[in-house]
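As a plain string of letters, each chain reads:
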Amino acid sequence: MPLLHVLGLGPFDPEITKSCLKTEHTKCTQTSLAGKYEVKKSCKLVAQWNEELLCIFTNLIDLLRVVMGFFQVGFVSIYLSDALLSGFVTGASFTILTSQAKYLLGLSLPRSNGVGSLITTWIHIFGNIHKTNLCDLFTSVLCLLVLLPTKELNEHFKSKLKAPIPTELIVIVAATLTSHFGKLNEKYNTSIAGDIPTGFMPPKAPDWNLIPSVAVDAIAISIIGFAITVSLSEMFAKKHGYTVKANQEMYAIGLCNIIPSFFHCFTTSAALAKTLVKESTGCQTQLSSVVTALVLLLVLLVIAPLFCSLQKSVLGVITIVNLRGALCKFRDLPKMWRVSKMDTVIWFITMLSSALISTEIGLLIGVCFSMFCVILRTQKPKISLLGLVEESELFESMSAYKNLQDKPGIKIFRFVAPLYYINKEYFKSALYKKTVNPILVKAAWKKAAKKIKKETVTFCGVQDKVSMQLSHDPLELHTIVIDCSAIQFLDTAGIHTLKEVRRDYEAIGIQVLLAQCNPSVRDSLAWGEYCKKEEDNLLFYSVYEAVAFAEELQNHKGICTPNSLSLSTE
C-alpha cells in the first residue's frame, strides 16, 4: 500500500508531478506538507523537487521504523484487542469499498482524502450518479456474478481442490481481451487503465538537508504504518493459528523499504485489500510473495502495456469481492454481544470511527476507547461473598453457586480487580455493604452512649445501689477475610485504603485478615508497612487457613456475655 498516498500525509502530489512532466507550462505552484513550505518553480523543477522529497521521506520513515524496532517499541501491539482489530478491519473495508465504487459506475471523480473522506466520496457519487457509464456498470455486474459464486465454491471445496481456481486471473485476461478487441473505450468511453510506463528510474541518494522539513510527518506515518501493519498481522495470525512478533515486523518493514527509497519508491505498509485477495486465493507461505514480486517485475519491465485496455471497473470488482470476509463480521455481532457487551461497543466505536473519520484516526480512537473500557471495568469490578464448598477447602461465590456453607461470625469478601486510586472508594463501599459498615456502627454506639443513664436496681428486696451502664450489643461478626487472589497489584492509595478499612473494623472489634496475596501485593504491603513485624499472621496463603485461624482464635476467647450489660457495683 502506498502509505503516503493513502493517508494524505505525503510531501508531494503525484498527480501534480505527472501533469508537470506532460505540460509545457513555465511555472506552477505547489503547496506541500500542510503549508509548511511553498515551491514556485518551473514544472520540471517541481517534479525534481518531488523526487528529492520522496527519496528522503521514504528513507527517513523506514530508518525510524528500524530504530523503533531496536528500542523494542513493538510492545504497543498489546493494546490492539481482538474486538478492536475486527472493528478496524471492517471500518477500513468500508473505506476501500467506497474508494472503488466510482470505478464500478465509470465515474471520474476527484479523490477524497483525510477526515470524512467516505462521506465526501459518497456525496460526489450520488451527485454524479446520472453520469454513470452503462458499459462499466454492466461489466461490473457481470464480473460480480462470476466472481462471487466461484469464490464461494473455492471456499466450500478448498479441502478437495489441490489448488484454488484462479478466478481473478481468468476474469482479468477475459476482460482485457474483450475491452481491447471490442474497443469499449472508443465506443462507450469506458474507464481503462491507460498507458502504464515500464522500467525503473535510476537510483539517487537522498538529500539529508531536507530532513527538518519532513521529520514530523515521517514520525507520524511510521507509527501509523506500523500500527496498521501489526493490526492486520494480528488479525490473520489469530485466524490461521500463528504468532506475530511486533518488533520483528517493524524491522522487516523498515529494512524492506530503505533500499527502494533510493529508487523513488513510496514507503509501503500492509494493505487490507491485497492481503484479503491473497488469502482468498489460498496463499499461505512467503513463497507467494516471491511469486508476486516476480510477476510485478515482469509487469513493470515487459507486459504492463498489455493491460492498457483493462477496465478499472474490473479491478474494482475484484477488490470489493475480496472484502466480503471483513464485511461479513456483522454476522458475528449477536454472539459477541452475548459474550461481552463491552467488546461489542469497542467494535462498533472502532468500526464507525475508522469508516466515517479516517483509518488512522479510527485506529487511534479504538485504542483510546478500549483502554478507557479497561479502566471502566476496573472502576466497578465484580464483588462477592464466598462460601465453603462442602467436603473441601475451596471457597466460591455464594451468588454463583448453591449449597455453600457460610461460616458463622466470618465474612469472606472477594474483589476482582487491582486495588488502586480509581476504585478505592468502590472497594470500601462494596465491602461495607456486603459485611457491616463500621462508620455507622460507631455512630450508633456514640448516639446510644449519650442516652444511657445510671439506674438503681433492687435485687431480692435488698436495696443496693448498683451503677449500671448499658453498653453496646456485641456484634455477631468477628472476622472479615479479604480474598486477594484477584487483586493483581496495589498502589499507594490501595494500601492506604486497606489500612483505613482495617483500622475502622478493629475499632468495633472485628479483625481483618488477608488471604492469597500474590508476591506483588505482598511486596506492596511490606513497603507500605501494612503489618508490623509481630502482625505477620494477618496474611495467609489460602482462604481456608485464614478461616481456620479466625475460628481457633475465637474459640480461645470464649463465649461473649449475651445480655450486653456491663455491670459495676459500688
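Reading guide: rules and limits
- Residues numbered from 1 in each chain as written.
- Predicted model: local features only at pLDDT ≥ 70, side-chain atom pairs only at ≥ 80, totals over all residues.
- Heavy atoms only, no water.
- Pairing = 2+ DSSP bridges.
- Helix = DSSP H or I, 4+ residues; strand = E, 2+ residues; numbered from the N terminus.
- Contact = heavy atoms within 4.5 Å.
- Axes fitted to C-alpha atoms, helices over the stretch in contact; angles between N-to-C directions.
- 1 Å grid on protein atoms, 1.4 Å probe; cavity = no way out; pocket = protein on both sides within 12 Å on 5 of 7 lines; lining within 4 Å.
- Points joined across faces, edges and corners; volume = space filled by probe spheres on them.
- Nonpolar A, V, L, I, M, F, W, Y, C, P; charged D, E, K, R; others polar.
- Core = buried A, V, L, I, M, F, W, Y, C linked by side-chain atoms within 4.5 Å.
- Buried < 20%, exposed > 50% of the residue type's maximum accessible area, 1.4 Å probe, protein only.
- Salt bridge = Lys/Arg side-chain N within 4 Å of Asp/Glu carboxyl O.
- Phe/Tyr/Trp six-rings, centres within 6.5 Å; stacked < 30°, edge-to-face > 60°.
- Lys NZ or Arg CZ within 6 Å of the ring centre and 35° of its normal.
- Parallel < 35°, antiparallel > 145°, perpendicular 65-115°, else oblique.
- Left-handed = near helix turned anticlockwise from the far one by under 90°.
- pLDDT = per-residue confidence, 0-100.
- Patch = residues over 30% accessible without salt bridge, like charges linked within 9 Å, V, L, I, M, F, W, Y side chains within 5 Å.
- Areas by Shrake-Rupley, 256 points an atom, 1.4 Å probe, with all protein chains shown as cover.

Some remarks on the sheet that holds strand 5 (residues 410-415)
Right, so step 1: As summarised here, the arrangement of the six strands in space is 4-3-5-7-8-9, forming an open sheet in which the pairing is mixed. Edge positions in the sheet fall to strand 4 (395-397) and strand 9 (539-540), since each has one partner strand and no second.
Right, so step 2: Two elements, strand 3 (residues 383-388) and strand 5, share three bridges in a ladder whose sense is antiparallel. Opposite Leu385, over in strand 5, you have Phe413 as the bridge partner.
Right, so step 3: Packing against the sheet, helix 18 (residues 424-434) makes contact with strand 3, strand 5 and strand 7 (479-483), and its axis sits at approximately 150 degrees to strand 5.

Side note on the layout of surface pockets
Over the atoms rolls a probe the size of a water molecule, and its path tells where empty space is left.
Right, so step 1: By volume, the second largest pocket is sized at about 450 Å³.
Right, so step 2: Elements with a contribution of two residues or more to the lining of the second largest pocket: helix 9 (211-240) and helix 17 (359-379).
Right, so step 3: No other element matches helix 17, which puts six residues into the lining of the second largest pocket.
Right, so step 4: Across the lining of the second largest pocket, the residue classes break down as 16 nonpolar, three polar and one charged.

Quick word on the nonpolar core
Right, so step 1: Tyr505 and Leu514 are the most contacted members of the largest nonpolar core, which has 45 residues in total.
Right, so step 2: Membership of the second largest hydrophobic core comes to 26 residues, among which are Leu80, Ala83, Ile224 and Phe226.

What to know about unusual backbone geometry
Most peptide bonds are trans, and most residues other than glycine sit at a negative phi.
Right, so step 1: For Glu391, which is not glycine, the phi dihedral falls at a positive 60 degrees.
Right, so step 2: Mapped onto the fold, Glu391 is located in the loop between strand 3 and strand 4.
Right, so step 3: Residue Glu391 is classed as exposed on the basis of its relative accessible area of 80%.
Right, so step 4: Of note, the phi angle at Gln516 is positive, near 60 degrees, even though the residue is not glycine.
Right, so step 5: With respect to the secondary-structure elements, Gln516 resides in the loop between strand 8 (511-515) and helix 21 (519-527).

Some remarks on the pattern of salt bridges
A pair can form between side chains of opposite charge whenever their charged atoms are brought close.
Right, so step 1: As enumerated under the stated definition, the model contains nine salt bridges in all.
Right, so step 2: Note that Arg377 and Asp343 form a salt bridge whose closest N and O atoms lie 3.3 Å from each other. Highlighted residues: Arg377 in helix 17 and Asp343 in helix 16 (residues 341-356), separated in sequence by 34 residues.
Right, so step 3: Take Arg377: its relative accessible area is 39%, and that puts it in the partly exposed class.

Regarding the packing of aromatic side chains
Right, so step 1: As enumerated under the stated definition, the model contains 11 aromatic pairs in all.
Right, so step 2: Seen from their ring centres, Phe330 and Trp347 are 5.2 Å apart, and the 80 degrees between their planes marks the pair as edge-to-face. Taken together, the residues span a long stretch of sequence, with Phe330 in the loop between helix 14 (324-327) and helix 15 (333-339) and Trp347 in helix 16 at a distance of 17 residues.
Right, so step 3: Chaining the aromatic ring pairs together yields one cluster made of Phe94, Phe330, Trp347 and Phe348.
Right, so step 4: A cation over a ring is seen here: Arg502 above Tyr530, with NZ or CZ 5.3 Å from the ring centre.

Some points on the pairing of strand 5
Right, so step 1: Along strand 5, five of the six residues are buried, which leaves the element largely enclosed by surrounding structure.
Right, so step 2: Across five bridges, strand 5 lies against strand 7 in parallel orientation. Each bridged residue has a counterpart across the sheet, and for Ile410 the counterpart in strand 7 is Thr479.

Quick word on the packing of helix 18 against helix 20 (residues 492-506)
Right, so step 1: Contact geometry for helix 18 and helix 20: axes closest at 10 Å, N-to-C directions at 25 degrees. As judged from the angle between their axes, helix 18 and helix 20 are roughly parallel. At the point where helix 18 passes helix 20, the crossing takes the right-handed sense. When helix 18 is examined against helix 20, the residues Lys424, Phe427, Lys428, Leu431 and Tyr432 are found in contact with a partner set consisting of Ala493, Thr497, Leu498, Glu500, Val501, Asp504 and Tyr505.
Right, so step 2: Along the lines of polarity and charge, the residues of the contact of helix 18 with helix 20 split into seven nonpolar, one polar and four charged.

Side note on the confidence of the model for the protein
Where the model shows low pLDDT, its predicted coordinates should not be examined in detail.
Right, so step 1: Mean pLDDT over the protein works out to 77, with 81% of the residues at or above the 70 mark.
Right, so step 2: No element of the protein has a lower mean pLDDT than strand 10 (residues 565-569), which averages 31, and none a higher one than strand 5, which averages 92.
Right, so step 3: Within the model, pLDDT remains below 50 along residues 454-472, and this stretch shows 31 contacts once partners closer than five positions in the same chain are excluded.
Right, so step 4: For residues 559-570, every residue scores under 50 in pLDDT, and the model assigns this stretch 20 contacts once sequence neighbours within four places are set aside.

A word on a nonpolar patch on the surface
Right, so step 1: Where nonpolar side chains cluster on the molecular surface, the patch consists of Phe200, Leu287, Val290, Val291, Leu294, Val295, Leu297, Leu298, Leu300, Leu301 and Val302 and spans about 1000 Å² of accessible area.
Right, so step 2: Given a relative accessible area of 44%, Val291 falls into the partly exposed group.

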